[in-house]
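Okay, here's what each chain looks like letter by letter:
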Protein chains: 2
Amino acid sequence: MFKLGETIPFEDKANDVLTVGELLVDMISNEYGEDTVSDGYTRYFGGSPSNIAINAGKLGIRSHVASAVGRDSLGNYLINRLQSAGMATSGIQQVDDSTSMVVITKSQATPVPIFYRAADYRLEYNEALEQALIHSRIVHFSCWPISRTPSRRAVERVIQTARKHKVLIGFDPNYHPSIWQKGEDGVAYVKSIIPKVDIIKPSEDDAERLFGPGTPEEQIARFLALGAKLVILTLGKDGALVSTGNETMSFATKATQIEDTTGAGDAFWSGFYTAIIKGYTLTEALELGSAVSAYKLKFTGAVVDLPALAVIKQQFNL
Amino acid sequence: MFKLGETIPFEDKANDVLTVGELLVDMISNEYGEDTVSDGYTRYFGGSPSNIAINAGKLGIRSHVASAVGRDSLGNYLINRLQSAGMATSGIQQVDDSTSMVVITKSQATPVPIFYRAADYRLEYNEALEQALIHSRIVHFSCWPISRTPSRRAVERVIQTARKHKVLIGFDPNYHPSIWQKGEDGVAYVKSIIPKVDIIKPSEDDAERLFGPGTPEEQIARFLALGAKLVILTLGKDGALVSTGNETMSFATKATQIEDTTGAGDAFWSGFYTAIIKGYTLTEALELGSAVSAYKLKFTGAVVDLPALAVIKQQFNL
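Residues numbered from 1 in each chain as written. Chains lettered and ligands numbered in written order. Predicted model: local features only at pLDDT ≥ 70, side-chain atom pairs only at ≥ 80, totals over all residues. Heavy atoms only, no water.

**With respect to the overall build of chain A**
Point 1. If you tally the helices and strands in chain A, you get 11 helices and 13 strands.
Point 2. Here the C-alpha radius of gyration of chain A, 19 Å, is about what a compact globule of 318 residues would show, namely 20 Å.
Point 3. Reported as C-alpha extents along the three principal axes, the dimensions of chain A are approximately 55 × 45 × 40 Å.
Point 4. When burial is assessed residue by residue, chain A has 58% of its 318 residues classed as buried.
Point 5. Partitioning the contacts of chain A with sequence separation of at least 6, the portion at a separation of at least 24 is 70%.
Point 6. Surface exposure of chain A reaches about 12,700 Å², of which carbon and sulfur atoms provide 49%. (Helix = DSSP H or I, 4+ residues; strand = E, 2+ residues; numbered from the N terminus. Rg over C-alpha atoms; globule rule 2.2 N^0.38 Å. Buried < 20%, exposed > 50% of the residue type's maximum accessible area, 1.4 Å probe, protein only. Contact = heavy atoms within 4.5 Å. Areas by Shrake-Rupley, 256 points an atom, 1.4 Å probe, with all protein chains shown as cover.)

See the structure below:
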């Protein structure tokens, strides 16, 4: 049972945060529009688990990634980029399939990503993953690896082992039908995972995709009814509503300048995880996660050059 | 039974060549090397069936394409490009999957393409495809659509209908394990298709992948033993060896200047098809196909600005 005014006790372990899941190339058009004369695209390092792990490292805790990429030039590119960011890559599995990719053609309307799922969902639960997991204090994943098998099987075993070894589980219930395997009720599956984890951070859109429309209070109640232990419902410019069931608190946004929202959610997670590892209370960690997210919003890119958590804490007068 | 000195009689039909199969985006890096600082890529219109159809149109016969792309920005891009090339797009099926893509990162060694197969193999045998087929004199396909289901089922029905309606069948046996569905013996399947078609044009590499090593004469004999009716075995700078079983002829290459080999095989097919439609004998058509290929080799790109076949015939003194 979480209490917002208290810290989370962690055992002494060799690693702080292990993130599990999609590592992929974002291939983004240089110009707007589908019919533009320019056919130029640029590849970017992508995938929320790695972004969170890199951020957490910059903020000042130890992090590790477990993902699957192809044995191909794009897989090598992603591994090189992780190494350049100072990350160990022993948790990256190179598998016999193409490195996953998301193609985004910028448009004046909402750009619709095109998903090329391949290597990312071939992630296997192997000895290296089990060891990394047992020796971590927190494990984190999103809906990507559970949206398809065999990576779903790997995550199910991650959850079992994490429970057994007292590893805190954070889950991003970012359900979207476009990444789900065809012919399956993804909503029901995501709902079945929620009671098995410790902390979830849905957005209002995630909640609506899972439950249909509702007020923030109604959505929180629905997550709690499923068995969620700590729900962080993000509300964009309206901050966040957080509840343990016994306690519910509102958090105002700290964003003052919004250059680019890409990666703002990952920045929140990394700030929040860093803070709970560093012994801040949940309330303080929520403020600090929010501050890291506000810091990231001032810059363009999914992963920006974050300073140590203490610097951000000072900048935001926390 | 083909005779090299004779023409192929065709019924009067509304279309000359129908090409069936992969229509996809080639995403090619702007710079060489995997670790380059530049992460720029450029998208290109790709897929041999469309290249052959566009070429054939330029050379002076009527052509039509049947392919499947996604309902997404890249699918729209490919359709727009076909329209810009003056092609009808009524045979393009937009399906509920991502537009297929091949990513090529240029390297000093042989660049290894990364395949993202999705919409292309969702091609269905529908009423529009059947009508286009019945009203064509020639139908052409490669190993791509037969390498996976459901497009394989579509091609199997194309073959049946073509036989019934006296449509000449050209098949490119460009077998490669990297495009084949996992866990299946693609070699055996390709061999089972060869006796059901009229004309095949394997390269030496294709032959070796299907049969193992051998001299050109041995490879020709192996194709004939499977039931092939007309084998055009291309030998790169050594031209081609052609056989009907009863007659065998060597053809020297006509290439004098090689800027870029991309699309040279498609240029051959389009020149050959244009010539047999225009009433040239098989021997003449093989010379003309070879001339169109040599013309293409002087320019960069998979589809170059070909003149009418008569102009190429004159340029090459045929």
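This is not the end of the story, as more comes after the structure.
**Examining the pattern of salt bridges**
Pairs can form between side chains of opposite charge whenever their charged atoms are close.
Point 1. Going through the model one piece at a time under the given rule, you end up with 26 salt bridges over all chains.
Point 2. With a closest N to O distance of 3.0 Å, A:Arg153 and A:Glu156 form a salt bridge. With A:Arg153 and A:Glu156 both in helix H5 (residues 151-164), this residue pair falls three residues apart, about one helical turn.
Point 3. On the basis of relative accessibility, which here comes to 46%, the residue A:Arg153 falls in the partly exposed class.
Point 4. Residue classification places A:Glu156 among the partly exposed residues on the basis of a relative accessible area of 25%.
Point 5. For the salt bridge of B:Lys237 with B:Asp238, the shortest nitrogen-to-oxygen distance reads 3.5 Å.
Point 6. Where salt bridges share partners, they join A:Asp12, A:Asp16, A:Arg62 and A:Arg137 into one cluster. (Salt bridge = Lys/Arg side-chain N within 4 Å of Asp/Glu carboxyl O.)

**Some thoughts on the packing of aromatic side chains**
Point 1. Scanning the model with the defined rule gives 19 aromatic pairs over all chains in all.
Point 2. For the ring pair B:Phe115 and B:Trp144, a centre distance of 5.7 Å and an interplane angle of 65° mean the geometry is edge-to-face. With a gap of 29 residues between them, B:Phe115 in strand E7 (residues 114-116) and B:Trp144 in helix H4 (residues 143-146) connect regions that are remote in the sequence. Accessibility assignment for this pair places B:Phe115 and B:Trp144 in one class, buried.
Point 3. Geometrically, the ring pair formed by B:Phe211 and B:Phe223 is edge-to-face, given 4.8 Å between the ring centres and 80° between the ring planes. With B:Phe211 in helix H7 (residues 204-211) and B:Phe223 in helix H8 (residues 216-226), this pair connects stretches of sequence that are 12 residues apart.
Point 4. Every member of this aromatic cluster is reached through a ring pair, and the members are A:Phe268, A:Trp269, A:Phe272 and A:Tyr273.
Point 5. Directly above the ring of B:Tyr77 sits B:Arg43, whose terminal nitrogen or CZ lies 3.9 Å from the centroid.
Point 6. One residue, B:Arg152, lies across the ring of B:Tyr189, its end atom 3.8 Å from the ring centre. (Phe/Tyr/Trp six-rings, centres within 6.5 Å; stacked < 30°, edge-to-face > 60°. Lys NZ or Arg CZ within 6 Å of the ring centre and 35° of its normal.)

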